[in-house]
Amino acid sequence: MTTRTTPSALGTLPFAGHAPRMLRDPLRFLSSLPAQGDLVDIQLGTMKVTVVCDRELTRQLLLADDICDKGGPWYDRIRETIGNGLVTCPHHVHRRQRRLIQPSFHPSRLPGYARTMVSRATAVSDGWHDGQVIDVPPLMLTLSMRALLQNLFSSALDPQTAQDAIDDLRTILRAIHRRTMLPPALNRLPTVGNRRYHAAGQRLRRNLQTVIAGQRQAGKDYGDLLSAMLSARDTADDGSESALADAEISDQLITFFAAGSETMANILSWTLYLLSRHPEIEQRLHAEVDSVLAGSSPACLDDLDRLPFLNRVMRETLRLYPPVWMVTREVTAETTLSGHAIPAGSAIMLSPYLLHRQSDVYPDPERFDPDRWDSAHCPQPPRHAFIPFGLGPRKCIGDQYGMALAALALATFSSRWQLSALSDAEVRPVAHTSLTPAALRLRAIERPLHPLPRR
Ligand code: HEM
């Protein structure tokens, strides 16, 4: 069979290739590629990366995790930072890890995790005063981190250790993007940033080790993610049983933080941003929340079934601003994709951001329109055209946790506050490891109470 050559993206520069465009404005650059083909090669310095612009090819690659694996220089560097946990581990160890971690996210544990989020979000909302200007992204990051920390370790952390863990994680999260972009030699220089990053990593792992050892010795189920990981057992095909070792658990805990805190914070920040720019949608959301929460009771997991509009608002936000805007893979065995030969060792980039803006599936794709998710009135997109949590065996393990807890935080804020824009200026997304609002300040305006009876 004859195979075709993958086209190279336009606008390459000598030596640097497309790296300057990719670094300056990756979303704009990526958005220019679908017009050039289903598969387009870009050159990032010396590295060639094939960008997949078609949803069917994206689906095929994400399902074939044996030959489209988590490998290559990007994963090598991210492993140095967050270890070899579920997000970064290669295919040959993934299934065992996934089986051992799945019980931590069992639906029966979700109500407990949800209560933590609601009490944390209520504390945030109680701390606001009428007219206060809120710096949204850092506040949502603190909220997501604190809720996650409590759900990981229940009450095992004293306040100082919890604060240290949050500070260390912030330092590590800030460093991830820089360290995966810079050449390894620069990461080894004894700069202030590199020293701070190493010190944060060492202190965090020391603290995690103490908590893991303490909880292992206690041998109790505290209802948290760590208890579930400590008691998980896996039976291999040969009948041998294994459990997660302390070092593996430590990698998983850091992985959950890296994968779960910024993503949740960003989905909350973007939702608040979009609501502030669409008052008519915000009013409909407030009306729904008022009728379900009756203006006083804290939200709980069961309420989410009665908040369909809130759910649509969040889905539409995930469509427009998928926190994980791109993922990368390495092809480990030569393969053919839509007539193009892809040699072993090729680096692949797949992008939820690109797929979520395909106008054949999403008419007027830039428009914030939660009603497009109303299945009674609009044809729904094919499942693989909406992939904010990925697809296939490597799909997000925290998808229900993330969606439910973010929805409950939003319901909690909306039941009491309107968060309004300070100006008409559009907020720019910054595409680092996660898609973050460049800056977002909103004014909290206290809403009149709605003394409707709870349904
Ligand atoms: C709204 C929030 C979230 C979004 C948008 C999101 C998105 C994603 C995406 C797109 C992937 C697939 C990455 C790939 O294919 O390379 C993924 C994987 C993963 N996510 Fe999430 N995530 C979110 C929340 C969370 C939370 C809260 C946790 C944990 C507490 C979490 C833990 C993970 C893990 C462990 C994986 C790797 C799964 C595997 O390979 O088996 N995520 N996430």
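The present account deals with the structure reproduced in this document.

1. Quick look at the site of the ligand
With respect to spatial proximity, 26 residues lie near the ligand, and among them His94, Arg98, Arg329, Arg394 and Cys396 are the closest. One nitrogen or oxygen atom from the side chain of Arg98 is found 2.7 Å from an oxygen atom belonging to the ligand. Listing elements by their share of the shell around the ligand, those giving two or more residues are helix 5 (91-101), helix 12 (246-277) and strand 7 (327-331). Within the shell around the ligand, the residues separate by chemical class into 16 nonpolar, 5 polar and 5 charged.

2. Quick look at the sheet that holds strand 11 (residues 417-421)
Neighbouring strands of a sheet are bound in pairs by backbone hydrogen bonds; such pairs are parallel or else antiparallel. Reading across the sheet, the 3 strands line up as 4-14-11 and stay open at both edges, with antiparallel pairing between neighbours. Each of the sheet's edge strands pairs with one partner strand only, and the pair in question is strand 4 (133-135) and strand 11. Averaged over all adjacent pairs, the angle separating strand axes in this sheet is 40°, with direction ignored. Where strand 4 meets strand 14 (residues 441-446), 3 bridges bridge the pair, whose relative direction is antiparallel. The partner of Ile134 across the bridge, within strand 14, is Leu442.

3. A short note on the environment of Phe389
With respect to the secondary-structure elements, Phe389 resides in the loop between helix 15 (352-355) and helix 16 (399-414). Look at Phe389 and you get partly exposed, because its relative accessible area is 23%. On a C-alpha basis, the gap between Phe389 and Phe368 in space is 20 Å, while along the polypeptide they are 21 residues apart. Those residues in contact with Phe389 that sit more than four places away from it in its chain are Leu318, Lys395, Cys396, Asp399 and Met403.

4. Points about the state of the cysteines
Throughout the structure, instances matching the rule amount to 0 disulfides. In this model Cys53 remains outside any disulfide bridge; the closest cysteine sulfur is found in Cys68, 15 Å from its own. Overall, the relative accessible area of 6% leaves Cys53 in the buried class.

5. Quick notes on the coordination of the iron atom of the ligand
No protein donor other than Cys396 (SG) coordinates the iron atom of the ligand, and that contact is at 2.3 Å. Relative to the elements of secondary structure, Cys396 occurs in the loop between helix 15 and helix 16.

6. So, the sheet that holds strand 10 (residues 347-350)
Spatially, the 5 strands line up as an open sheet ordered 1-2-10-7-3, and their pairing is mixed. Taken across any chain shown, the strands that pair with only one partner, and hence form the sheet edges, are strand 1 (39-44) and strand 3 (68-69). Packed on one face of the sheet, helix 3 (residues 55-63) meets strand 1, strand 2 (47-52), strand 3, strand 7 and strand 10 and runs near 120° to strand 10.

7. Observations regarding the pattern of salt bridges
For the coordinates displayed, the defined rule picks out 23 salt bridges. Between Asp76 and Arg79 there is a salt bridge, with its nearest N and O atoms 3.4 Å apart. Here Asp76 and its partner Arg79 are both found in helix 4 (residues 73-82), 3 residues apart, which amounts to about one turn of the helix. Assessed through its relative accessible area of 43%, Asp76 is described here as partly exposed. A salt bridge links Arg205 to Asp251, with the shortest nitrogen-to-oxygen separation between them at 2.9 Å. Of this pair, Arg205 sits in helix 10 (residues 192-218) while Asp251 sits in helix 12, and the two are 46 residues apart along the sequence. Of the residues examined, Arg205 reaches a relative accessible area of 29% and is grouped as partly exposed. Residues participating in the shared-partner salt-bridge network are Asp126, Arg416 and Glu446.

8. Notes on the packing of aromatic side chains
Under the criterion given, the structure shown has 10 aromatic pairs. Ring plane angle 85° and centroid distance 5.1 Å describe the contact between Trp74 and Tyr75, whose orientation is recorded as edge-to-face. Given a relative accessible area of 23%, Trp74 falls into the partly exposed group. Given a relative accessible area of 3%, Tyr75 falls into the buried group. Consider the rings of Tyr362 and Trp373, whose centres lie 6.1 Å apart with planes at 50°: the pair is tilted. Here the residue Tyr362 occupies a position in the loop between helix 15 and helix 16, and Trp373 occupies one in the loop between helix 15 and helix 16, the gap between them amounting to 11 residues. Residue Trp373 is classed as buried on the basis of its relative accessible area, which comes to 6%.

Reading the values: rules and limits
Residues numbered from 1 in each chain as written. Predicted model: local features only at pLDDT ≥ 70, side-chain atom pairs only at ≥ 80, totals over all residues. Heavy atoms only, no water. Near = heavy atom within 4 Å. Polar contact = N/O pair within 3.5 Å; in protein donor to acceptor, adjacent residues only side chain to side chain. Helix = DSSP H or I, 4+ residues; strand = E, 2+ residues; numbered from the N terminus. Nonpolar A, V, L, I, M, F, W, Y, C, P; charged D, E, K, R; others polar. Pairing = 2+ DSSP bridges. Axes fitted to C-alpha atoms, helices over the stretch in contact; angles between N-to-C directions. Buried < 20%, exposed > 50% of the residue type's maximum accessible area, 1.4 Å probe, protein only. Contact = heavy atoms within 4.5 Å. Disulfide = S-S within 2.5 Å. Donors = N, O, S within 2.8 Å, 3.2 Å for Na, K, Ca; no water. Salt bridge = Lys/Arg side-chain N within 4 Å of Asp/Glu carboxyl O. Phe/Tyr/Trp six-rings, centres within 6.5 Å; stacked < 30°, edge-to-face > 60°.

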